[in-house]
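So the chains spell out like this:
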Amino acid sequence: MTSTTTPPTDHRGSAPDAPREAAAVLARDGGRRPIDPSEVVPAARAGAVVLVPRALQRAGFFDILVEATFAAIAEACGAASAGECRRRGLERLHEVLDLAGVEAAVHAIDRRLAIPSPRLMKALAHGVLGVAGSFYVYANSRVRFMVPQEVVSPNRARFHSRANRLQLGDYAPHRDFWEGVPINAVNLWMALGSVERDNGMLIYPDMWGKEVLHEGISPRPGQDFGAPLALALEPGDVIVFDGRQLHATAVNVTSATRAVLTGRLC
């Protein structure tokens, strides 16, 4: 559907122009331009993609979310499975649970993390991103778990069923307002576990402000979107970007499950 001429860039490592802890605008060539926290949302609204390292920890919510995640796995699949998932890490979820267990666990995590979601978004916006004005949260945050493609491929219909699409399915390139999301929404894409370049999210900066032909929520085939930003994150990192950005799920060609939480500020 798309073609690229240069490989996507992994932004997880530090760059000489941006300390690891600083919020930074990401460039496709790997550069990172540090910005003040209060500039993050305006920069995103202007088309930048911004990394905020350890934002969940700074907001005081990382441990809350992690404990709620494992409590949800215990609720859905039993304490022994939850303990093994904790021991191995969320990245190995698919090695501990069978397909039914993955489905049950991820839906339970989604329900449980919806409870602290409004407080989380307020803490991030006011406490970490420096948003001084009022805003509203578009719906509750949702989890996005992407298990390895070797598991998804033989069970694709199951992972993309109506029940599982939002939590377990992948997404072709899209803009959020194609699905009825408010045009002024800013996405917060929050890493619960480690995110690799090859199982994360792709953002197509060349398409910012440009028309993309689409039918419903799917782009028409044959369009060149340019080389994407590929985002690799540490647990607790948050990516902030405007919902008008063209973005997609990276096909998970790694051996790790990707676990993230998403939310939108308007």
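Residues numbered from 1 in each chain as written. Predicted model: local features only at pLDDT ≥ 70, side-chain atom pairs only at ≥ 80, totals over all residues. Heavy atoms only, no water.

Colleague: Got a sec to walk through the overall build of the protein chain? Specific residues and values, please.
Modeller: In terms of regular secondary structure, the protein chain is built from ten helices and twelve strands. Over its C-alpha trace the protein chain gives a radius of gyration of 18 Å, about what one expects of a compact globule, namely 18 Å for 266 residues. Taking all contacts inside the protein chain whose residues are at least 6 apart in sequence as the whole, residues at least 24 apart take part in 76%. (Helix = DSSP H or I, 4+ residues; strand = E, 2+ residues; numbered from the N terminus. Rg over C-alpha atoms; globule rule 2.2 N^0.38 Å. Contact = heavy atoms within 4.5 Å.)

Colleague: With reference to specific residues and values, describe helix α3 (residues 62-77).
Modeller: Taking 1.5 Å as the rise per residue, α3 with 16 residues should run 22 Å; its terminal C-alpha atoms sit 22 Å apart, in good agreement. Looking one or two places after α3, you find G78, whose phi comes out positive at around 100°. (Expected span 1.5 Å × (residues − 1).)

Colleague: Describe the state of the cysteines, and please don't skip the residues or the numbers.
Modeller: Per the stated rule, a full pass over the model turns up zero disulfides. There is no disulfide at C85, and the cysteine sulfur nearest it, in C77, is 7.3 Å away. (Disulfide = S-S within 2.5 Å.)

Colleague: Residue-level account of the packing of α3 against helix α4 (residues 79-88), with values.
Modeller: Interaxial distance between α3 and α4 falls to 7 Å at its minimum, and their mutual angle equals 145°. Pair α3 / α4 crosses with right-handed handedness. Contacts between α3 and α4 involve E67, F70, I73, A74 and C77 from the former and A79, S81, A82, C85 and R86 from the latter. Taken together, the residues of the contact of α3 with α4 break down into seven nonpolar, one polar and two charged. (Axes fitted to C-alpha atoms, helices over the stretch in contact; angles between N-to-C directions. Left-handed = near helix turned anticlockwise from the far one by under 90°. Nonpolar A, V, L, I, M, F, W, Y, C, P; charged D, E, K, R; others polar.)

Colleague: Account for the sheet that holds strand β12 (residues 258-265), naming residues and giving values.
Modeller: Read across the sheet, seven strands follow the order β2-β1-β3-β10-β5-β12-β4 without closing on themselves; strand pairing throughout is antiparallel. Each of the sheet's edge strands pairs with one partner strand only, and the pair in question is β2 (32-34) and β4 (142-146). Between one strand axis and the next, the sheet turns through 30° on average, direction left out of account. One ladder, built from three bridges, connects strand β1 (residues 24-26) with β2; its direction is antiparallel. Of the residues in β2, the one forming a bridge with A24 is P34. Strands β4 and β12 of the sheet are contacted by helix α6 (residues 99-113), whose axis makes an angle of about 155° with β4. (Pairing = 2+ DSSP bridges.)

Colleague: Which residues make up the packing of α3 against α6, and what values do they have?
Modeller: As a packed pair, α3 and α6 sit with axes 8 Å apart at the nearest point and diverge in direction by 135°. As summarised for this structure, α3 and α6 are arranged oblique, according to the angle between their axes. α3 and α6 meet at a crossing whose hand is right-handed. Here α3 contributes L65, A68, T69, A71, A72, I73, E75, A76 and C77 to the contact with α6, which in turn contributes G101, A104, A105, A108, I109, R111, R112 and L113. (Parallel < 35°, antiparallel > 145°, perpendicular 65-115°, else oblique.)

Colleague: I'd love a proper account of the pattern of salt bridges, names of residues and values included.
Modeller: Tallying each qualifying case throughout the model produces 17 salt bridges. In this structure, D242 engages R244 in a salt bridge whose closest nitrogen and oxygen atoms are separated by 2.9 Å. In the salt-bridge network here, residues are joined through shared partners; they are E84, R87, R88, R92 and E95. (Salt bridge = Lys/Arg side-chain N within 4 Å of Asp/Glu carboxyl O.)

Colleague: Before we move on, could you go through the environment of P182 and cite the residues and values that matter?
Modeller: For P182, the position within the fold is in the loop between α10 (165-168) and β5 (186-191). C-alpha separation for the pair P182 and A250, spaced 68 residues apart in sequence, amounts to 24 Å.

Colleague: Please provide a residue-by-residue account of the packing of aromatic side chains, values included.
Modeller: Overall, the coordinates contain one aromatic pair when judged by the stated rule. When the centroid spacing of 5.7 Å and the interplanar angle of 70° are considered together, the rings of Y204 and F225 count as edge-to-face. Of the two residues, Y204 is situated in the loop between β6 (201-203) and β7 (214-215) and F225 in the loop between β8 (218-219) and β9 (229-230); the sequence distance between them amounts to 21 residues. Residue Y204 shares its accessibility class with F225, and that shared class is buried. (Phe/Tyr/Trp six-rings, centres within 6.5 Å; stacked < 30°, edge-to-face > 60°. Buried < 20%, exposed > 50% of the residue type's maximum accessible area, 1.4 Å probe, protein only.)

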